[in-house]
Number of protein chains: 2
Amino acid sequence: MINSTHDSTLKSWVDSANDPDTDFPIQNLPYVYFDRSGADGDGGIGVLIGDQALDLTRCREDGLFASEELAEVAWTLQKGAAVSNLFDIDPEALSAFRARLVALLKDDSDEATRSIVAKNLVDSKSVRFDIPCEIGDYTDFYCSIYHATNVGKLFRPDNPLLPNYSWVPIGYHGRASSIVPSGTDVIRPKGQGRPDPEAPPIFGPSRRLDYEMEVGFYVGKGNDLGDTIDIADAEKHIFGLCLVNDWSARDIQGWEYQPLGPFLGKSFATTISPAVVTMEALAPFRVPAFDRGDDYPAPLPYLSDETNAGSGGIDVKLDVLISTKKMRDEGIEPHLISRSNLKDLFWTVGQMLTHHASNGCNLQTGDLIATGTVSGKEDSERGCLLEMTLGGKEPIELPSGETRKFLEDYDEIILRGFCEREGFRRIGFGECRGVVLPAS
Amino acid sequence: MINSTHDSTLKSWVDSANDPDTDFPIQNLPYVYFDRSGADGDGGIGVLIGDQALDLTRCREDGLFASEELAEVAWTLQKGAAVSNLFDIDPEALSAFRARLVALLKDDSDEATRSIVAKNLVDSKSVRFDIPCEIGDYTDFYCSIYHATNVGKLFRPDNPLLPNYSWVPIGYHGRASSIVPSGTDVIRPKGQGRPDPEAPPIFGPSRRLDYEMEVGFYVGKGNDLGDTIDIADAEKHIFGLCLVNDWSARDIQGWEYQPLGPFLGKSFATTISPAVVTMEALAPFRVPAFDRGDDYPAPLPYLSDETNAGSGGIDVKLDVLISTKKMRDEGIEPHLISRSNLKDLFWTVGQMLTHHASNGCNLQTGDLIATGTVSGKEDSERGCLLEMTLGGKEPIELPSGETRKFLEDYDEIILRGFCEREGFRRIGFGECRGVVLPAS
């Protein structure tokens, strides 16, 4: 629901939040887990505002959340608490908390309060952002029909999309332990591949390392084992979104994936952006679900309701940039290689969640569910190199004069996401970055 | 290494441990997490001895592990501690602890000590056994070549085994949240299936519910992200084994699994036996790895070493029993429907572990890794109904006059495992049970 916290005329006394290019104006306020000392120990839940992080634990200790209405949220803001402590709080209570944060940070707040808030701001550059919570289970979907079609074409030119695709939100269990925060280096994995099908497979560093531009969402309230989640209630179980780079070793994946799906081609690293952009902050950017027209069947009833159809989509522009070592050495800015949009997914986040729990699987607070590679219809909207280079056949060209079929050592991939709509303030997701290091 | 704790002549003053049929003689001593009150709160790590569980926390409080050699283990035995607290302790220290437990429990222990130990025994029937630890990530392999061939034949009669099978230990990420302890009812999942390929898929209770007889092993010491585990060191990272029933909805699985593998066909429940049988207890039952002869290629070097080849296998007989409601009503005992053996796996537990970490994936203490369905060469050794009934075509007959293609409501599946070898005491795994309840 759009409310007064989305008002585009709101300004903050934190100057950097009023920069038109910031991802974190007062209308956004994503949650992060930050660590002040750079090591474990002095950190906890914060919100991002401009180029600052507001330490919510200290704000609480200073009595800024002392009202009864905020008691439940305030209680969770213990020192060192994970952001997931907030995830299963009722949306109404979270909404009241967001309104309170806006009141504290907007430019007409009273001087006395402002001085208390100000001393609890820390420069985002001076702290380390970790993943926001311990992720129990990580699930990865495959919800871009354009991605599925582009990848399918490489293997089955005449029949790219499998018959189940338009009926089932296809997904698989991912590896939770190797989820790392933005900025963590990614070591090129070793593994088995079989470049020559006539010769035995070989074991060594992956030669077809790729990124995947994805979006993840965190489970807020969970469901008990054996219970399901009605599609009409699905979004009550979703707390917020982040960016996900689901790094992929295509040679390992291609050789191992039959018949049980991706495994070591994925589990060496998954990078996430630290900021959790709440569903409430995203309210102005909701759009209808994918238009199936006459081309695809309507979703089965358990995946279908009017609200989902009418506003199940989310308009988030998703940019992928690359920066090679040569580019950095020559002072060339990171280069945009694709821009896709979350709204083009065939399945909505609500449908993913409801489908996931439809067999009684217990989703738990803090689980991360990713969309799969987000690609669009156009060539410029392909969310991984596998699609972009047609499986390594057509290299992309970079401003440094280099080309890439797949990632090379010291390449950095930078994912960005942001929402824009006439009449509303632009909000963003921050970045999800990772540099490829040579195999060890 | 076989040592004095494996001596078949050892007897315990706990009489039930000397019963020739017990799974838990003094030579076994598997670890469990038990809860005395039946609810959370008064429990912790125990070991099973005969029909009793020994409360290790209380033994520690009573000073029974006060020596310096046992200090590290003793430290982990806090009230309510998970069994995984023991998992990353050095094998030497664990071995010393095992020797101490044997000394406390054997029939020539001194009277004073015995009376202290005795008051810390509780009747296994009076306590609730939970899963032994929080399982971070759960991985399921596919390591029985007989299972892979039997299942492959159903889909590709002329070419049952895919080309990667003999090179890659095939596995996939499973769902950790829905792992439940033996005795938990399993609700029949709902999901999508497409029984008639000419008609749209349908959503409803699974009609092809199956069990899978598997064995799981717990990761002891983990590895850091980016590090790998040498095959020669693999078993140093494995703490012990349990039984796993990886319940499967074959209709959901069959419709959803392409191209990313099993998902909701598996994630509704995985039942594990509570006892963790240590690698040390299993030492007498080690056998050579699968004999590949001239039929299959030698493992690639990263999966190959002499110790693994010579004693990487484990001889564990695995029984599946079924008990239908009618059988229980008529007083008919559970009926043995298959007996397979862990030694017949194509890949060893060490190979699974080394392969899993070969891409730098960080395995963590308490992760559970399962073997996949353990089937053997013979018809009587098929570890799931899908294989046994040839995909539902040939029902099995039960002593009650009933038949089964797949599981029906109120069927109970009971898994058992045990090791026997001339000159050694039989040890067992206890049971892994679950009753199917109707879809809700």
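As a convention, each chain's residues are numbered from 1 in the sequence order in which they are written. Chain A is the first chain written and ligand 1 is the first ligand written, with later ones labelled in order. With pLDDT at 70 or above as the cut-off, local features in this predicted model cover only qualifying residues; side-chain atom pairs require 80 or more to be listed or tallied, and sums for whole chains, interfaces and linings still use all residues. Values shown for side chains rest on all heavy atoms present in the structure; no hydrogens or waters enter the calculation.

**Structural notes on the pattern of salt bridges**
Item 1. The term salt bridge refers to a side-chain nitrogen of Lys or Arg lying within 4 Å of a carboxyl oxygen of Asp or Glu. Under the defined criterion, the tally for this structure stands at 55 salt bridges over all chains.
Item 2. The partner of Asp55 of chain B in a salt bridge is Arg36 of chain B, with the nearest N and O atoms 2.9 Å apart. In this pair, Asp55 of chain B sits in strand S3 (residues 52–55) while Arg36 of chain B sits in the loop between strand S1 (31–35) and strand S2 (43–49), placing the two residues 19 residues apart along the sequence. Across this residue pair, the class does not change: Asp55 of chain B and Arg36 of chain B are buried.
Item 3. The residue Glu212 of chain B makes a salt bridge to Arg250 of chain B at a minimum N-O spacing of 2.9 Å. Highlighted residues: Glu212 of chain B in the loop between strand S12 (209–210) and strand S13 (213–219) and Arg250 of chain B in helix H7 (residues 250–256), separated in sequence by 38 residues. Residues Glu212 of chain B and Arg250 of chain B agree in their burial class; the two are buried.
Item 4. Through salt bridges with shared partners, a single ionic network connects Asp210, Glu212, Asp246, Arg250 and Lys266 of chain A. Per the convention used, a helix needs a DSSP run of H or I reaching at least four residues, while a strand needs a run of E reaching at least two, with both numbered from the N terminus. When accessible area is computed with a 1.4 Å probe and restricted to protein chains, residues below 20% of their type maximum are described as buried, those above 50% as exposed, and intermediate ones as partly exposed.

**Quick word on the sheet that holds S2 of chain B**
Residue and element names in this part refer to chain B.
Item 1. Paired strands, in this sense, are two strands between which DSSP finds at least two bridges. Spatially, five strands are ordered S4-S3-S2-S1-S5 in an open sheet, and the strand pairing comes out antiparallel. Each having just a single partner strand, strand S4 (121–123) and strand S5 (128–130) make up the two edges of the open sheet. For this sheet, the mean inter-axis angle between neighbouring strands, taken without regard to orientation, is 50 degrees.
Item 2. Sheet topology note: the S1/S2 ladder contains five bridges and is antiparallel. By the bridge assignment for S2, Asp35 is matched with Gly43. Comment: axis = line fitted to C-alpha atoms, over the contacting stretch for helices; angle = value between 0 and 180 degrees taken between N-to-C directions.

**As for the packing of aromatic side chains**
Item 1. Aromatic contacts are taken between Phe, Tyr and Trp rings whose centres are within 6.5 Å, Trp giving its six-membered ring; a plane angle under 30 degrees counts as stacked, one over 60 as edge-to-face, and the others as tilted. For the coordinates displayed, the defined rule picks out 30 aromatic pairs over all chains.
Item 2. Considering the side-chain rings of Phe65 of chain B and Phe97 of chain B, the 4.8 Å spacing of their centres and the 65 degrees angle between planes classify their relative orientation as edge-to-face. A residue pair is termed long-range when its members are at least 10 positions apart, and Phe65 of chain B in the loop between helix H1 (56–61) and helix H2 (71–76) and Phe97 of chain B in helix H4 (residues 91–105) qualify at 32 residues. Each member of the pair Phe65 of chain B and Phe97 of chain B is classed as buried.
Item 3. Here Tyr146 of chain B and Phe290 of chain B contribute two aromatic rings whose centre-to-centre distance is 6.3 Å and whose plane-to-plane angle is 50 degrees, an arrangement assigned as tilted. Of the two residues, Tyr146 of chain B is situated in helix H6 (residues 145–155) and Phe290 of chain B in the loop between strand S18 (286–287) and helix H8 (306–311); the sequence distance between them amounts to 144 residues. Assigned by exposure class, Tyr146 of chain B and Phe290 of chain B land together as buried.
Item 4. Two thresholds decide whether a charge sits over a ring: the Lys NZ or Arg CZ must be within 6 Å of the ring centre and within 35 degrees of the ring normal. In this structure, Arg292 of chain A packs its charged tip against the face of Trp347 of chain A, placed 4.5 Å from the ring centre.

**A word on the relation of the copies chain B and chain A**
A rotation about an axis combined with a shift along that same axis relates the two copies of the chain.
Item 1. For this overlay, a least-squares fit was computed on C-alpha atoms, restricted to residues scoring pLDDT of at least 70 in both copies. For the pair chain B and chain A, the best superposition has an RMSD of 0.0 Å and corresponds to a rotation of 180 degrees with a translation of 0.0 Å parallel to the axis. With respect to symmetry, the two chain copies, as superposed, fit the operation of a two-fold axis. Within chain B, Gly261 of chain B has its C-alpha nearest the rotation axis, a separation of 2.1 Å.
Item 2. The contact rule is simple, with two residues in contact once any of their heavy atoms fall within 4.5 Å. The fraction of interface residues of chain B whose copies in chain A are also interface residues reaches 100%, indicating that both copies meet through the same surface.

**A few points about the domain arrangement of chain A**
Residues and elements named next belong to chain A.
Item 1. Marked domain ranges trace back to an automatic or database domain assignment. Split by domain assignment, chain A resolves into domain 1 (4–130) and domain 2 (138–437).
Item 2. One C-alpha centre belongs to domain 1, the other to domain 2; they are set 29 Å apart.
Item 3. Tallying the contact residues gives 29 residues for domain 1 and 26 residues for domain 2.
Item 4. Reported buried area values correspond to the accessible surface (1.4 Å probe) lost by two parts on association, with both partners' losses combined. Taking both sides of the interface into account, the surface hidden between domain 1 and domain 2 amounts to around 2200 Å²; carbon and sulfur atoms contribute 60%.
Item 5. Looking only at domain 1, the three residues that lose the most surface to domain 2 are His6, Asp23 and Phe87, adding up to 29% of its buried area.
Item 6. For the pair domain 1 and domain 2, the interface holds three salt bridges.
Item 7. For Asp90, the salt bridge identified is with Lys221, shortest N-O distance 3.2 Å.
Item 8. Contributing elements (two or more residues each) for the side of domain 1 that touches domain 2: strand S1 (31–35), helix H3 (91–105) and strand S5 (128–130).
Item 9. The element that contributes the greatest number of residues to the side of domain 1 that touches domain 2 is H3, accounting for three residues.

**Here's the deal with the layout of surface pockets**
Residues and elements named next belong to chain B.
Item 1. The computed volume of the largest pocket comes to approximately 1100 Å³.
Item 2. The definitions used throughout rest on a 1 Å grid laid over the protein atoms alone, on which a cavity is an enclosed set of points accommodating a 1.4 Å probe that cannot get out and a pocket is an open set flanked by protein within 12 Å on both sides along at least five of seven lines; lining residues are those having an atom within 4 Å of a point. Taken together, 47 residues line the largest pocket, and the ones lying closest to its centre are Phe155, Arg250, Gln253, Gly254 and Trp255.
Item 3. For the lining of the largest pocket, the secondary-structure elements that each account for two or more residues are strand S6 (138–141), H6, strand S10 (190–193), strand S11 (202–205) and H7.
Item 4. Considering every element that reaches the lining of the largest pocket, the biggest residue donor is H7, with seven residues.
Item 5. Here the residues of the lining of the largest pocket sort into 21 nonpolar, 14 polar and 12 charged. Grid points are joined across faces, edges and corners, and a volume is the space filled by probe spheres set on the points. Three categories are distinguished: nonpolar for Ala, Val, Leu, Ile, Met, Phe, Trp, Tyr, Cys and Pro, charged for Asp, Glu, Lys and Arg, and polar for the others, with Gly belonging to the last.

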